[in-house]
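Okay, here's what each chain looks like letter by letter:
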Amino acid sequence: MFLTINGLAKAFGDLEVLKDIDLEIEKGKVLSIMGPSGSGKTTLLRCLNALELPDNGVFSFEDGLTLNFDKKISKQDALRLRRKSGMVFQSYNLFPHKTALENVTEGPIIVQKRNKTEVRELAESLLEKVGLKDKINLYPHQLSGGQQQRVGIARALAIEPELMLFDEPTSALDPELIGEVLTVIKDLARENWTMVIVTHEVQFAEQVSDKVLFMDNGYIVEQGPPEEVLKDPKEKRTQQFLQRIL
Ligand code: ADP
């Protein structure tokens, strides 16, 4: 198991957004998270990346790193958690005044202090991998939404994370641009990246996921293989949600 989470809880003031979440993330597998808006999906993803710190819960990584949020964790441990994953955001979050290439090289060079020439080569190959070989010197505003999101994916890959996190990666895109982004994510799944994907794309989730988790109101309502959770859900709330969006 890449990561085992026990008893994850997170509140914003009085609002309990995640309630006693137990979760296993398997190495080389794809976990998709679905559920209604406001159910806590993004917050869960942000907790995996230390963009939010849980109030309670224990994260146990396969490599021995254990973080117990029932106590205050050190800045260093938060940083260790952050460095394990690369995040792809709904709204791309690219630096507007940097080229596609510079957006990809920024993290490895500035944060990880890696060798500039090597990082540049890596960035070029990642941009090629996501189909943007001829766009590397363009700025975000010169790219379509789908192209910007593919830069976002290359940027997350460039830090060579152990875990890739996707927060509704296609929800800001026009329908005709969704496919090109989903294709890149499917390619990563085939390469056995460990991934957690928040998505509303049912068909995509069915194709790409090893496990689907359905959340509602801060709880995991149901989880299992996609053919069970998406095709033959046991829980009423899952059934109702799928009926609404299909
Ligand atoms: P989802 O991704 O399923 O739509 P979120 O995790 O974004 O759900 O949000 C869950 C709930 O937490 C929502 O009610 C949202 O308004 C609230 N929330 C999220 N982030 C914050 C924050 N930083 N401060 C206060 N409330 C927040």
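Please read these numbers as outputs of a predicted model, since none were measured by experiment. (Residues numbered from 1 in each chain as written. Predicted model: local features only at pLDDT ≥ 70, side-chain atom pairs only at ≥ 80, totals over all residues.)

**Digging into the site of the ligand**
Here comes step 1: The ligand sits among Phe12, Leu15, Val17, Gly35, Ser37, Gly38, Ser39, Gly40, Lys41, Thr42 and Thr43.
Here comes step 2: Contributing elements (two or more residues each) for the shell around the ligand: strand S2 (15-25) and helix H1 (41-48).
Here comes step 3: It is H1 that provides the largest number of residues to the shell around the ligand, a total of three residues.
Here comes step 4: Split into classes, the residues belonging to the shell around the ligand amount to three nonpolar, seven polar and one charged. (Near = placed C-beta within 6 Å. Helix = DSSP H or I, 4+ residues; strand = E, 2+ residues; numbered from the N terminus. Nonpolar A, V, L, I, M, F, W, Y, C, P; charged D, E, K, R; others polar.)

**Looking at the sheet that holds strand S3 (residues 30-34)**
Here comes step 1: With mixed pairing, the six strands of this open sheet are ordered in space as S6-S7-S8-S3-S9-S10. The open sheet is flanked by strand S6 (85-88) and strand S10 (219-224), the only strands paired with a single partner. Each neighbouring strand pair of the sheet contributes to a mean axis angle of 20°, computed without reference to strand direction.
Here comes step 2: Inspection of the sheet shows S3 paired to strand S8 (residues 194-198) by four bridges, in the parallel sense. If you follow Ser32 over to S8, its bridge partner there is Ile197. (Pairing = 2+ DSSP bridges. Axes fitted to C-alpha atoms, helices over the stretch in contact; angles between N-to-C directions.)

**Digging into the confidence of the model for the protein**
Here comes step 1: For the protein, per-residue confidence averages 96 on the pLDDT scale, and residues scoring 70 or more make up 100% of the total.
Here comes step 2: Interface confidence for the predicted complex, expressed as ipTM, amounts to 0.98; the pTM equals 0.96. (pLDDT = per-residue confidence, 0-100.)

**So, the UniProt feature "domain: ABC transporter" (unreviewed entry) in the protein**
Here comes step 1: The sites that UniProt annotates as "domain: ABC transporter" (unreviewed entry) are residues 3-242.
Here comes step 2: End C-alpha to end C-alpha, residues 3-242 measures 28 Å, and it is 38% helix and 25% strand. (UniProt positions renumbered as here; feature names shortened; annotations may be inferred.)

**As for the nonpolar core**
Nonpolar side chains tend to gather and get buried jointly when the protein is soluble and globular.
Here comes step 1: Within the largest apolar cluster, 64 residues are counted, with the highest numbers of intra-cluster contacts made by Val104, Leu127, Ala154 and Val196.
Here comes step 2: It is helix H5 (residues 145-158) that provides the largest number of residues to this core, a total of six residues.
Here comes step 3: Leave out the neighbours within four places in its chain, and Val104 touches Ala123, Leu126, Leu127, Val151, Ala154, Arg155 and Ala158. (Core = buried A, V, L, I, M, F, W, Y, C linked by C-beta atoms within 7 Å. Buried ≥ 20, exposed ≤ 12 C-beta atoms within 10 Å, placed from the backbone. Contact = placed C-beta atoms within 7 Å.)

**Things to note about the sheet that holds strand S1 (residues 3-12)**
Here comes step 1: One open sheet holds the four strands; their spatial order is S2-S1-S4-S5, and the pairing between them is antiparallel. This sheet does not close on itself; its edge strands, each paired only once, are S2 and strand S5 (66-68). Shown here is a sheet whose adjacent strand axes are inclined to one another by a mean of 15°, direction ignored.
Here comes step 2: In terms of strand pairing, S1 meets S2 through seven bridges, oriented antiparallel.

**Notes on the environment of Thr183**
Here comes step 1: With respect to the element layout, Thr183 can be found in helix H6 (residues 175-190).
Here comes step 2: Taking the number of C-beta atoms within 10 Å as the measure of exposure, Thr183 has 14 and is therefore partly exposed.
Here comes step 3: Sequence separation between Thr183 and Asp210 is 27 residues; the distance between their C-alpha atoms is 17 Å.

**As for the pairing of S3**
Here comes step 1: Counting buried residues in S3 gives five out of five residues, a clear majority hidden from the surface.
Here comes step 2: Burial along S3 is two-sided: Val30, Ser32 and Met34 and Leu31 and Ile33, pointing in opposite directions, are all buried.
Here comes step 3: When S3 meets strand S9 (residues 211-216), the two strands line up parallel, connected through four bridges. Pairing of Met34 across the sheet is with Phe214, part of S9.

**Concerning the pairing of S1**
Here comes step 1: Hairpin remark: S1 followed by S2, antiparallel, with two residues in the connecting loop; positive phi at Gly13, about 60°.
Here comes step 2: Two strands pair when backbone bridges link them, and S1 and strand S4 (residues 56-61) are joined in this way by five bridges, in the antiparallel orientation. Within S4, the residue paired with Ile5 across the bridge is Phe59.

**Focus on unusual backbone geometry**
Here comes step 1: One non-glycine residue, Lys113, lies in the positive phi region at around 55°.
Here comes step 2: Within the secondary structure, Lys113 is located in the loop between helix H3 (100-111) and helix H4 (116-129).
Here comes step 3: Under the C-beta neighbour-count criterion, Lys113 is labelled exposed, with 9 such atoms within 10 Å.
Here comes step 4: The phi dihedral of Glu160 falls on the positive side, at around 50°, and the residue is not glycine.
Here comes step 5: You can see Glu160 is positioned in the loop between H5 and strand S7 (163-167).

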